[in-house]
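# Commentary on secondary and tertiary structure
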Amino acid sequence: MTGTTEALGGSAALDSAARSVTRPFYVYAVLANTLFQRGVFVLFLQQRGFSAGQVALLQTLLYLVSGLAELPTGVIADRIGRRASIMVGQVLIAGCLLGQVAFTNYWVFLALFIGQGVGMACVSGSDTALLYDLLVRRGATAGYVKIKSRFTMLGTVTSGAAIVLGGQLQKISWGVVYVGSAACLVLAVVVLMSRVPEIRGADAVDEQDGAEDQHGDATAWRAMLRVATPALVTLVVVSGLMHATLTPYIIFTQKTLSDQGAGTALVSVVVSAGFFAGGLIPLLSDRADRSIGYRVIVPVSLLTLAVALGLSGLGLVWVTIAAFLVLVGIPEITAVIVDNVFNEAVPSRHRASLLSMIAFVESALIGTGYLVLGVLMDGLGSSVGMAAYAAVPLLACLLWLPVLFRGARVVTEIEKPADKKAS
């Protein structure tokens, strides 16, 4: 009886510790994702006179620059602080959004998208590392999948609501849409700076017994080599290909729907509904992780994306809408589960750096994906181009089959000490 009471008390203490960490992150997730332009920015760029190929080039540049900047910004985040890196990134993104509504020249847009890519790199890896290591400090990492799924849900549902509102605000002016988005990013930074403590790689490692003694002199590159099992490397590539399919698919669905006869208002509603679905479905991540596991959910998500792209190729607007709404949320479950695998697989001292290296691969693949899909849509038409792009998730599925059938697992930093003690 006493043991049960103590266990319940310990569980309550862990829940309380987790809540104290997560509350400001949840507020930050809402503000940082109140981006009114997200669901209609392709239409904005088209109204600026840019072709699908030019839009694809902007998005490719955005993600390639973000990928290249991931490595230095990850190291900087580990050295100077992850909260500081997020602050710099979000303010830079806000400035670039203001620039996009102020200028019309394509070359200026190229420069602005480069700046936005650097801002994205500053945030990427730093936000997850900051959240995860604050949970490490409180001894509450066991609930990370559930916490990250809620974090994702809040951000994605907020994005959906912002997209609907953005479609309405656009009737006033594009300036209101973009200035409103920039203001929300600044407010997100204010919340983070006032409510979340700073943490660096060295600070995080102090929370892990023996980690500093074992690997205190290791560089980020050596740490990556230490954890880079074949299964982990394959997971990085396959996850990158999944994101390289999902992200362009969500964005270019705007153009596909428009070409199939949907108006701007309907496009914004559909994309918004997709974000709602993509936000709520990840709440099932914890259950999916325990009952299915990442090895199985990965190919399921890839096949889902291939089906969605194939159905979009039929050229029927309501089929495209149905496929988008029903299928777009499933890969989001995988993204949460895989994110947890990555966090467990990397050491705390270099967490932001190593997550940035992983994000570099994903960003490079996403950027390439935008370019490929843009070319396909320009050359074959938006519907047929979408269908042809289904080859990408199918390729990723083939790459994953050896891991699936051989039962290879990612050996994590959490598992290694246990293995060592067992031996």
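Throughout this description, residue numbers start from 1 for each chain and increase along the sequence as written. In keeping with the model being predicted, local features are shown solely for residues with a pLDDT of at least 70 and side-chain atom pairs are shown and tallied solely at 80 or more, while totals for entire chains, interfaces and linings include all residues. Calculated side-chain values reflect all of the structure's heavy atoms, with hydrogen atoms and water omitted.

A run of H or I in DSSP becomes a helix once it reaches four residues, and a run of E becomes a strand once it reaches two; helices and strands are each numbered from the N terminus. A count of helical and extended segments in the protein chain gives 21 helices and zero strands. In the protein chain, which comprises 423 residues, the proportion classed as buried is 57%. Residue exposure (1.4 Å probe, protein chains only): buried if accessible area is under 20% of the type maximum, exposed if over 50%, otherwise partly exposed.

Its 29 residues give helix α3 (residues 52-80) an end-to-end C-alpha distance of 40 Å, which sits within 8% of 42 Å, the value for a rise of 1.5 Å per residue. Its axis deflected by about 45° at Glu70, α3 carries its strongest bend there, up to four residues before the proline Pro72. Of the residues trailing α3, Gly81 is marked for its positive phi of about 130°. Expected span, for any helix, means 1.5 Å times one less than how many residues it has. Two axes enter the bend calculation: one fitted to the seven residues ending at the residue in question, the other to the seven starting there, and the bend is the angle between them.

Within this document, salt bridges are pairs made up of a side-chain nitrogen of Lys or Arg and a carboxyl oxygen of Asp or Glu, the two lying within 4 Å of each other. All chains considered together, the criterion is met by one salt bridge. In this structure, the salt-bridge partner of Asp259 is Lys255, at a minimum N-O distance of 3.1 Å. Here Asp259 and its partner Lys255 are both found in helix α12 (residues 230-259), four residues apart, which amounts to about one turn of the helix. Residue classification places Asp259 among the partly exposed positions, given a relative accessible area of 46%.

This part is about a nonpolar patch on the surface. Each patch is built from residues that are more than 30% exposed by relative accessible area and take part in no salt bridge. Like charges join if they lie within 9 Å; nonpolar side chains (Val, Leu, Ile, Met, Phe, Trp, Tyr) join within 5 Å. For every accessible area listed, the method is Shrake-Rupley and the probe measures 1.4 Å; residues are considered covered only by the protein chains on display. Judged by side-chain polarity, Val233, Val237, Leu395 and Leu399 come together as a nonpolar surface patch covering roughly 300 Å² of accessible area. Of all the secondary-structure elements, those providing two or more residues to the nonpolar patch are α12 and α20 (391-406). With respect to the helices and strands, Leu399 occurs in helix α20.

Right, let's get into helix α7 (residues 144-169). For α7, built from 26 residues, the straight-helix expectation of 38 Å at 1.5 Å per residue is met to within 8% by its first-to-last C-alpha distance of 36 Å. The buried fraction of α7 is high, at 19 of 26 residues.

Classification of ring pairs uses Phe, Tyr and Trp, with its six-membered ring standing for Trp, and accepts pairs whose centres are within 6.5 Å; under 30 degrees between planes counts as stacked, over 60 as edge-to-face, and the remaining range as tilted. A complete count under the given rule lists ten aromatic pairs for this structure. An aromatic cluster of three or more residues is present, and its members are Phe44, Phe50, Tyr106, Phe109, Phe113, Trp174 and Tyr178.

On to the nonpolar core, then. For this analysis, a nonpolar core means a set of buried residues of the types Ala, Val, Leu, Ile, Met, Phe, Trp, Tyr and Cys, connected via side-chain atoms within 4.5 Å. Leu45, Leu58, Leu235 and Phe342 are the most contacted members of the largest nonpolar core, which totals 84 residues. The element best represented in this core is α12, accounting for 13 residues. When neighbours within four sequence positions are excluded, Leu45 is seen to be in contact with Phe50, Val55, Leu58, Phe109 and Phe113. Among the nonpolar cores identified, the runner-up in size contains 24 residues, and Phe25, Ala32, Leu131 and Val136 belong to it. Contact between two residues is taken to exist if any of their heavy atoms lie within 4.5 Å; hydrogens are not considered.

To continue, consider the side chain of Ser301. Its location among the elements puts Ser301 in helix α15 (residues 294-312). Reaching out from Ser301, the side chain makes a polar contact with the side chain of Thr334 at a distance of 2.3 Å. In this structure, Ser301 is in contact with Met242, Ile330, Pro331 and Thr334, ignoring residues within four places of it in sequence. Residues adjacent in sequence count toward polar contacts only when both atoms are side-chain atoms; beyond that, a polar contact is any pair of N or O atoms within 3.5 Å, and within protein one must be able to donate a hydrogen and the other to accept it.

What follows concerns the packing of α12 against helix α16 (residues 317-327). Helix axes are fitted only over the stretch in contact, all axes being lines through C-alpha atoms; the angle between N-to-C directions runs from 0 to 180 degrees. The contact between α12 and α16 brings their axes to 11 Å, and the two run at 160°. Of the possible angle classes, the one that applies to α12 and α16 is roughly antiparallel. Along this stretch, α12 crosses α16, giving a crossing that reads as left-handed. Residues Tyr249, Ile250, Thr253, Thr256 and Leu257 of α12 touch α16, and the partners they reach there are Val317, Thr320, Ile321, Ala323 and Phe324. Roughly parallel means an angle under 35 degrees; roughly antiparallel means over 145; roughly perpendicular covers 65 to 115; every other angle is labelled oblique. By definition, turning the near helix anticlockwise from the far helix through less than a right angle yields a left-handed crossing, and turning it clockwise yields a right-handed one.

Looking now at the confidence of the model for the protein chain. Overall, the predicted model of the protein chain reaches an average pLDDT of 78, with 82% of residues at or above 70. As a per-residue measure, pLDDT reflects the predictor's confidence and takes values from 0 up to 100. Contacts for the low-pLDDT stretch residues 206-217, under 50 throughout, to residues beyond four places or in other chains number 15 contacts. In this model residues 412-423 is a low-confidence stretch, pLDDT under 50, and it forms 15 contacts with partners more than four residues away in sequence or in other chains.

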